[in-house]
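The primary structure of each chain is shown beneath.
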Amino acid sequence: MNLETLCKELRIGGVHSYIQEYYPDRPDIEEIFISALQAEQEKRKVNRQMRALRQAGFPTMKRFEDLVGENLPEDGKHAVPGLRNLGFISERRNVILIGNAGTGKTHLAISTGVLACEAGYRVLFRTAAGLINEMIEARHENRLTLYLRQFKKIDLLILDELGYVSFDLAAAELLFQLLATRYETMSTIITSNLSFSEWVKVFHDPALTGAILDRITQNAIILNMNGKSYRREKKA
């Protein structure tokens, strides 16, 4: 990468102008500046990644390298390459992982989120119960509109453990409102222990359940994660 390009990327165009004016015939000086600015560029990249990982709110750090592939259900095994290349984010597709407890759903979701943070995407991780509580609190404080607006800036929302905790119809409507703001514009990863036919147990109202499913499943990547407990196999 030449000095001019580096200065533009780092938004310090004056440095390039200075070198061109005072050291026009000193390639050695230019090379020193290139090395120094490349180091600064790398430092900024690492800082952005670390900041993105903190802001994402992951409960723990998990990576694809930590997965034991043969312990995953078949859909999980086959999905790993597609999740790792993050193409679904640029395509604005959702990913829905459905299956019994312990089969690697959350591990896959967090690993994808960590990789997305490092690639420069804005990511947010929340459990379904935690997200509902935040929305209820925001509504009580008359800042729900402002709260929902922030999700328009989130490239990838990870909604974990949908179905583990039930909530009332008012809370379900809040979740619908949030998912509707992301419809066909940004990606969401959802993990759930319930099949789609059982989601009415969570959302209570069949019409609302159908509306949510219509939006989140359109063009989505749906993974059947039913199988033996990944955690038990990993410990064995």
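The structure this text deals with has already been given above.
Every value quoted in this text rests on a predicted model; they were computed, and no experiment measured them. (Residues numbered from 1 in each chain as written. Predicted model: local features only at pLDDT ≥ 70, side-chain atom pairs only at ≥ 80, totals over all residues. Heavy atoms only, no water.)

Chemist: With reference to specific residues and values, describe the pattern of salt bridges.
Modeler: Counting across every chain of the model gives 12 salt bridges. The partner of R84 in a salt bridge is E65, and the shortest N-O contact between them spans 2.9 Å. Of the two residues, R84 sits in helix α4 (residues 74–84) while E65 sits in the loop between α3 (27–56) and α4, which places them 19 residues apart along the sequence. Judged by relative accessible area, R84 falls into the partly exposed class, the value being 36%. (Salt bridge = Lys/Arg side-chain N within 4 Å of Asp/Glu carboxyl O. Helix = DSSP H or I, 4+ residues; strand = E, 2+ residues; numbered from the N terminus. Buried < 20%, exposed > 50% of the residue type's maximum accessible area, 1.4 Å probe, protein only.)

Chemist: Any details on the environment of L174? Residues and values, ideally.
Modeler: Positionally, L174 belongs in helix α9 (residues 169–182). Residue class for L174 comes out buried when judged on its relative accessible area of 5%. A C-alpha to C-alpha distance of 7.5 Å links L174 and I132, two positions 42 residues apart in sequence. Among residues more than four places away in sequence, those in contact with L174 are M135, I136, R139 and L144. (Contact = heavy atoms within 4.5 Å.)

Chemist: Please set out the nonpolar core residue by residue, giving values where relevant.
Modeler: Ranked by size, the top nonpolar core spans 33 residues in total, and within it M135, L162, F167, L175, W199 and F203 carry the most contacts. Put simply, the parts of the chain that give this core at least two residues each are β1 (95–98), α7 (128–140), α8 (144–149), β3 (156–162), α9, α10 (200–203) and α11 (206–217). In terms of residues, this core owes the most to one element, α9, which gives six residues. Each residue touching L162, except ones within four places of it in the same chain, is listed here: A128, F167, L175, I190, T191, S192, N193, W199, V202 and F203. (Core = buried A, V, L, I, M, F, W, Y, C linked by side-chain atoms within 4.5 Å.)

Chemist: Lay out the packing of aromatic side chains with the relevant residues and their values.
Modeler: Here a ring pair, both rings aromatic, is described through the centre-centre distance and the interplanar angle of the planes. Applying the stated criterion across every chain, the model contains seven aromatic pairs. Plain terms: the ring middles of F58 and F125 are 6.2 Å apart, the flat faces sit at 55° to each other, and that makes the pair tilted. Residue F58 is found in the loop between α3 and α4, and its partner F125 is found in strand β2 (residues 123–127); the two are separated by 67 residues along the sequence. The pair F58 / F125 is uniform in exposure class, with both members buried. Following the ring pairs from residue to residue traces out a cluster consisting of F167, F196, W199 and F203. The positively charged end of R215 is found above the aromatic ring belonging to Y183, 5.7 Å away from the centroid. (Phe/Tyr/Trp six-rings, centres within 6.5 Å; stacked < 30°, edge-to-face > 60°. Lys NZ or Arg CZ within 6 Å of the ring centre and 35° of its normal.)

Chemist: Break down the pairing of β3 for me, citing the residues and quoting the values.
Modeler: Most of β3 sits out of view: six of its seven residues are buried. Two elements, β2 and β3, share five bridges in a ladder whose sense is parallel. Considered in β3, the bridge of L124 is made with L157. The pairing of β3 with strand β4 (residues 187–192) spans five bridges and is classified as parallel. Looking at β4, one finds that L162 is bridged to S192. Following the backbone out of β3, through α9 and into the adjacent parallel β4, one traces a crossover that is right-handed. (Pairing = 2+ DSSP bridges. Right-handed = clockwise from strand over helix to strand, strands pointing away.)

Chemist: Would you mind going over a positive patch on the surface in detail, with residue names and values included?
Modeler: Where like charges cluster on the molecular surface, the positive patch consists of K45, R48, R51 and R54. Position of K45 among the secondary structure elements: in helix α3. (Patch = residues over 30% accessible without salt bridge, like charges linked within 9 Å, V, L, I, M, F, W, Y side chains within 5 Å. Areas by Shrake-Rupley, 256 points an atom, 1.4 Å probe, with all protein chains shown as cover. Lys, Arg positive; Asp, Glu negative; His and termini not counted. Charge placed at Lys NZ, Arg CZ, Asp CG, Glu CD.)

Chemist: Give me the lowdown on the sheet that holds β4, citing residues and values where you can.
Modeler: Taking strand neighbours across the sheet as the criterion, the five strands line up as β2-β3-β4-β1-β5 in an open arrangement whose pairing is parallel. At either margin of the open sheet sits one strand with a lone partner, and together these are β2 and β5 (221–224). Sheet twist, expressed as the mean angle between neighbouring strand axes with direction ignored, is 10°. Of the strands in this sheet, β1, β2, β3 and β4 are in contact with helix α6 (residues 105–118), which crosses β4 at around 160°. (Axes fitted to C-alpha atoms, helices over the stretch in contact; angles between N-to-C directions.)

These values are about where atoms sit, not about what they do.
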